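Each chain, written out:
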Amino acid sequence: LAAPVFPLVPAHFRTDVRLDALLWGCVVAFILDDANARVRLAKQMRFGVWCAMAGLLGLCIVYYSELTSVMVAVLIPMLLAGTTLHPQWALSRALDWAPVAWMGRISYSLYLWQALFLFPGWEHPAHWWQQWPANLPVSLAVAALSYYAIEKPLLRVGRKLASRSLRQSRDAGGGLKQSALAALE
């Protein structure tokens with residue numbers, strides 16, 4: 001269905017056939033949420049193991065196929081978990097560096113806007129702001145503007161609505177509980 005719209009995108013890159021990449025991240029998040037599993041994973045994920053997994057990821061990228069794409073989907077969240085479980089590693093501290101952390105904060109906005117500015121090397125965009133090297137700072141600037149002007153304010157609104165909804169459900173639940181107790185008397 002998407003092939004006529006995006007003829008240059010291989011079918012195995014489309015989100016609808018690659019949801020496993022998102023789901024593996026969810027699996028790792030569930031593992032990290034359980035204290036016992038987190039401790040076991042931290043013991044198993046020593047730096048040498050982490051380096052071997054990073055090397056395997058590199059090989060999977062160099063020798064990319066539909067099979068290795070599944071391995072990439074598994075390895076990336078595991079590598080991220082390793083840096084989360086071992087904040088004392090130099091790599092973990094580098095990922096905590098303020099500019100890298102900021103890039104992580106605006107990453108969703110960057111993901112949304114990058115298609116306007118970043119093109120594959122074989123394409124030759126017509127506008128200056130879509131050409132290297134101008135496209136990088138322009139895409140970062142638009143993503144930052146989007147994050148601070150749209151995403152962050154909407155996150156605040158969402159938190160307010162969620163807390164109001166939680167208070168209302170607590171209040172309603174408390175009232176129902178007292179009504180039920182009164183009915184029993």
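Residues numbered from 1 in each chain as written. Predicted model: local features only at pLDDT ≥ 70, side-chain atom pairs only at ≥ 80, totals over all residues. Heavy atoms only, no water.

**As for the packing of aromatic side chains**
Evaluation of the coordinates by the stated rule reveals five aromatic pairs. For the ring pair phenylalanine 47 and tryptophan 89, a centre distance of 5.1 Å and an interplane angle of 75° mean the geometry is edge-to-face. Residue phenylalanine 47 is found in helix α3 (residues 47-62), and its partner tryptophan 89 is found in the loop between α4 (66-85) and α5 (90-95); the two are separated by 42 residues along the sequence. What makes phenylalanine 47 partly exposed here is its relative accessible area of 43%. Measuring from ring centre to ring centre gives 6.2 Å for tryptophan 50 and tryptophan 89, while their planes differ by 70°; the resulting arrangement is edge-to-face. (Phe/Tyr/Trp six-rings, centres within 6.5 Å; stacked < 30°, edge-to-face > 60°. Helix = DSSP H or I, 4+ residues; strand = E, 2+ residues; numbered from the N terminus. Buried < 20%, exposed > 50% of the residue type's maximum accessible area, 1.4 Å probe, protein only.)

**Here's the deal with the nonpolar core**
Leu32, Leu41, Met45, Met53 and Met78 are the most contacted members of the largest nonpolar core, which totals 16 residues. Only α1 (19-33), α2 (35-44), α3 and α4 provide two or more residues apiece to this core. Here this core gets six residues from one element, more than from any other, and that element is α4. Those residues within four positions of methionine 45 in sequence are excluded, and the remaining contacts are Trp50, Met53, Met78, Gly82, His86 and Trp89. (Core = buried A, V, L, I, M, F, W, Y, C linked by side-chain atoms within 4.5 Å. Contact = heavy atoms within 4.5 Å.)

**A closer look at α3**
Between its first and last C-alpha atoms α3 spans 22 Å; for 16 residues at 1.5 Å apiece the expected length is 22 Å, and the two agree. Looking only at α3, the buried set comprises Trp50, Met53, Leu57 and Cys60. Projected down its long axis, α3 shows its buried positions confined to an angular sector of 75°, all on one face. The outward face of α3, more than 90 degrees from its buried face, is lined by the exposed residues Ala52 and Val62. Residues of α3 that are buried in the fold lie against α4 and α5. (Expected span 1.5 Å × (residues − 1). Arc of directions from axis to C-beta.)

**Structural notes on a nonpolar patch on the surface**
Together, Leu56, Leu59, Val62, Tyr63 and Met71 give the surface a local cluster of nonpolar side chains, amounting to about 500 Å² of exposed area. In terms of residues, the nonpolar patch owes the most to one element, α3, which gives three residues. By the element assignment, leucine 56 lies in helix α3. By relative accessible area, which is 34% here, leucine 56 ends up partly exposed. (Patch = residues over 30% accessible without salt bridge, like charges linked within 9 Å, V, L, I, M, F, W, Y side chains within 5 Å. Areas by Shrake-Rupley, 256 points an atom, 1.4 Å probe, with all protein chains shown as cover. Salt bridge = Lys/Arg side-chain N within 4 Å of Asp/Glu carboxyl O.)

**Some remarks on the packing of α1 against α2**
Viewed as axis vectors pointing N to C, α1 and α2 meet at an angle of 105°, and their least axial separation amounts to 5 Å. Taken together, α1 and α2 sit at an angle that is classed as roughly perpendicular. Counted together, Ile31, Leu32 and Asp33 of α1 and Ala35, Ala37, Arg38 and Leu41 of α2 form the full contact between these two elements. Broken down by class, the residue content of the contact of α1 with α2 amounts to five nonpolar, no polar and two charged. (Axes fitted to C-alpha atoms, helices over the stretch in contact; angles between N-to-C directions. Parallel < 35°, antiparallel > 145°, perpendicular 65-115°, else oblique. Nonpolar A, V, L, I, M, F, W, Y, C, P; charged D, E, K, R; others polar.)

**Some thoughts on the side chain of serine 92**
Inspection of the secondary structure puts serine 92 in helix α5. Among the residues examined, serine 92 registers a relative accessible area of 6% and is labelled buried. Apart from the residues lying within four places of it in its own chain, the contact partners of serine 92 are Thr83, His86 and Pro87.

**Describing the packing of α1 against α4**
Helix packing geometry: the angle between the two helix axes and the distance between the axes. At a minimum axis distance of 8 Å, the contact between α1 and α4 shows a crossing angle of 30°. Classified by the angle between their axes, α1 and α4 sit roughly parallel to one another. Where α1 crosses over α4, the two elements pack in a sense that is right-handed. Across the interface between the two elements, Asp20, Ala21, Trp24, Gly25, Val28 and Leu32 from α1 touch Val70, Ala73, Val74, Pro77, Met78, Ala81 and Leu85 from α4. (Left-handed = near helix turned anticlockwise from the far one by under 90°.)

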